[in-house]
Amino acid sequence: HGAGTCYQQVKRVLHAAVPDRLHGRERETGVIRQFLREHVGGRRPGSLYISGAPGTGKTACLSRVLLDCKDELSGSKTIVLNCMALSSPQGVFPAVGQQLGLPAATGREGVRRLEKQLTARGPMVLLVLDELDQLESKGQDVLYTLFEWPRLPSSRLVLVGLANALDLTDRSLARLGACPAGGPRLLHFPPYTREQLTAILQERLGQVAGDTVLDAAALQFCARKVSAVSGDARKALDVCRRAVEVVELEVRSQTLLKPLPGGEW
């Protein structure tokens, strides 16, 4: 017990897990929740494109909403894929097919079968694609195909894509915007401000009882530095976690050298 576990606890809360509530992201959370209610709940196919730099809370926000809306989404099929895990942009089709229980088929045949499945009768399918930028390909056909599916007659697909690039839709999906039905709904996550980062760090550290390991000035300094560069909350959490490790090592080395009170070693 003692000092050791106190540092472990602090480091644990500084990990980038999905918190119960996301500071400074109330608007974005509301937009995502409303979109899922309207489309998945209301059985209206559609697509949402979420953009923002790394660490601005995109994935955390969406994960939070999916957890909060579990009951509402229980009648539909939710598939979450991180596109980083795919070996090629085309790999997204067999990955989705597998999740829908389709027999393995590659190439054009696989895509055709998927399309047929997603326009057949059945529950709504919510497809969440994180790191969507990975699907950019030469002819942009992969992204284009995916965003086209919710617009097919009798489609049951609701597509949510998350990407770091703000201009992905301009580059890859310009053709969609030109269509009468319009392109995907866009939601941008701006970088966190210094105040928001400070609040995030304070809330995380507030979960640990006892003395504060990092004082307010250190948090302010960290938040100021990170917001000036990127507004990336994961960076801020990392920086603080590293600071705690440094303090922990210093304390450990001092404890080894210092005689205990009462003169006992």
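Look up a bit, the structure's there.
This is a predicted model, so every value here is computed, not measured.

Parameters at a glance
Residues numbered from 1 in each chain as written. Predicted model: local features only at pLDDT ≥ 70, side-chain atom pairs only at ≥ 80, totals over all residues. Heavy atoms only, no water. Salt bridge = Lys/Arg side-chain N within 4 Å of Asp/Glu carboxyl O. Helix = DSSP H or I, 4+ residues; strand = E, 2+ residues; numbered from the N terminus. Buried < 20%, exposed > 50% of the residue type's maximum accessible area, 1.4 Å probe, protein only. Pairing = 2+ DSSP bridges. Core = buried A, V, L, I, M, F, W, Y, C linked by side-chain atoms within 4.5 Å. Domains from an automatic or database assignment. Contact = heavy atoms within 4.5 Å. Axes fitted to C-alpha atoms, helices over the stretch in contact; angles between N-to-C directions. Parallel < 35°, antiparallel > 145°, perpendicular 65-115°, else oblique. Left-handed = near helix turned anticlockwise from the far one by under 90°. Nonpolar A, V, L, I, M, F, W, Y, C, P; charged D, E, K, R; others polar. Phe/Tyr/Trp six-rings, centres within 6.5 Å; stacked < 30°, edge-to-face > 60°. Lys NZ or Arg CZ within 6 Å of the ring centre and 35° of its normal.

A.B. asks: Hey, could you run me through the pattern of salt bridges in this one?
C.D. replies: Any two side chains of opposite charge can pair if their charged atoms end up close together. This model, assessed by the stated rule, comprises ten salt bridges. Put simply, R64 and D68 hold a salt bridge, and the shortest N to O gap is 3.0 Å. With R64 and D68 both in helix α3 (residues 58-68) and four residues apart, the pair spans about one turn of that helix. Look at R64 and you get buried, because its relative accessible area is 14%. On the accessibility criterion, D68 (39% relative accessible area) is partly exposed. A salt bridge links E148 to R151; the shortest N-O distance between them is 3.5 Å.

A.B. asks: So what exactly am I meant to see when it comes to the pairing of strand β3 (residues 125-130) here?
C.D. replies: For β3, the buried fraction is high: six of the six residues fall into the buried class. By the alternation rule, side chains of β3 split into V125, L127 and L129 and L126, V128 and D130, which are all buried. Examined bridge by bridge, strand β2 (residues 77-82) and β3 share six bridges and lie parallel to one another. In the strand pairing of β3, V80 is matched with V128. As paired strands, β3 and strand β4 (residues 157-163) are joined by five bridges and run parallel to one another. What sits directly across from L129, in β4, is G161.

A.B. asks: Even after reading the chapter, I still don't get the environment of G55, so can you show me in this structure?
C.D. replies: On the secondary structure map, G55 appears in the loop between β1 (46-52) and α3. Classification of G55 by relative accessible area gives buried; the value is 9%. G55 sits 177 residues away from D232 along the chain, and the two C-alpha atoms are 4.3 Å apart.

A.B. asks: Honestly, the nonpolar core in this entry has me stumped. Any pointers?
C.D. replies: Across soluble globular proteins, you tend to see nonpolar side chains buried next to one another. Of all hydrophobic cores here, the largest spans 35 residues; its most connected members are I32, L36, I50, L126, V160 and L197. When residues in this core are grouped by element, the largest group, five residues, is from helix α2 (residues 26-41). Split by domain, this core shows at least three residues from each of two domains, domain 1 (2-17 + 192-257) and domain 2 (25-188). Apart from the residues lying within four places of it in its own chain, the contact partners of I32 are L48, I50, C61, L62, V65, L187 and F189.

A.B. asks: Hey, could you run me through the packing of α2 against α3 in this one?
C.D. replies: Geometrically, a packed helix pair is captured by the angle between its two axes and the distance between the axes. Two elements in contact, α2 and α3, have axes separated by 10 Å at closest approach and are oriented at 50 degrees. Relative to α3, the element α2 is oriented oblique. Judged by the sense of rotation from one axis to the other, the crossing of α2 with α3 is right-handed. Facing α2, whose interface residues are E28, T29, I32, R33 and L36, α3 presents C61, L62, V65, L66 and D68. The class makeup of the residues in the contact of α2 with α3 is six nonpolar, one polar and three charged.

A.B. asks: Looking at this model, I keep getting lost on the environment of V158. Mind explaining?
C.D. replies: Within the secondary structure, V158 is located in strand β4. Accessibility expressed as a relative area gives 0% for V158, which makes it buried. As a C-alpha pair, V158 and F147 span eleven residues in sequence and 9.4 Å in three-dimensional space. Excluding its chain neighbours within four sequence positions, the residues that come into contact with V158 are F35, H39, V40, R44, P45, G46, M124, V125, L126 and L127.

A.B. asks: I keep staring at the sheet that holds β4 and nothing clicks. Help me out?
C.D. replies: To summarise the sheet geometry, strands pair through backbone hydrogen bonds and adopt either a parallel or an antiparallel arrangement. Strands sit in the order β2-β3-β4-β1-β5 across an open sheet of five strands; the sheet is parallel. Of all the strands in the sheet, just β2 and β5 (185-189) have a single pairing partner and so form its edges. Averaged over neighbouring strand pairs, the angle between their axes works out to 15 degrees when direction is ignored. Across five bridges, the pairing between β1 and β5 is parallel. Its bridge partner being in β5, I50 is matched across the sheet by L187. Each of β1, β3 and β4 is contacted by helix α6 (residues 141-148), which is oriented at about 140 degrees to β4, the strand it contacts most.

A.B. asks: What is the right way to read the packing of aromatic side chains from this model?
C.D. replies: What characterises a pair of aromatic rings is the spacing of the ring centres plus the angle enclosed by the ring planes. According to the stated counting rule, one finds one aromatic pair in the structure shown. Looking at R25, its charged tip hangs above the ring of Y192, at a distance of 4.1 Å from the centre.

A.B. asks: In this structure, what is going on with the pairing of β1? I would like to understand it.
C.D. replies: Regular strands place their side chains on alternate faces of the sheet. Of all seven residues that make up β1, seven are buried, and the element is covered over most of its length. The alternating pattern of β1 places G46, L48, I50 and G52 on one face and S47, Y49 and S51 on the opposite face, and all of these are buried. As judged from the six bridges shared by β1 and β4, these two strands associate in the parallel manner. From the neighbouring strand, I50 faces β4, where its bridge partner is L162.

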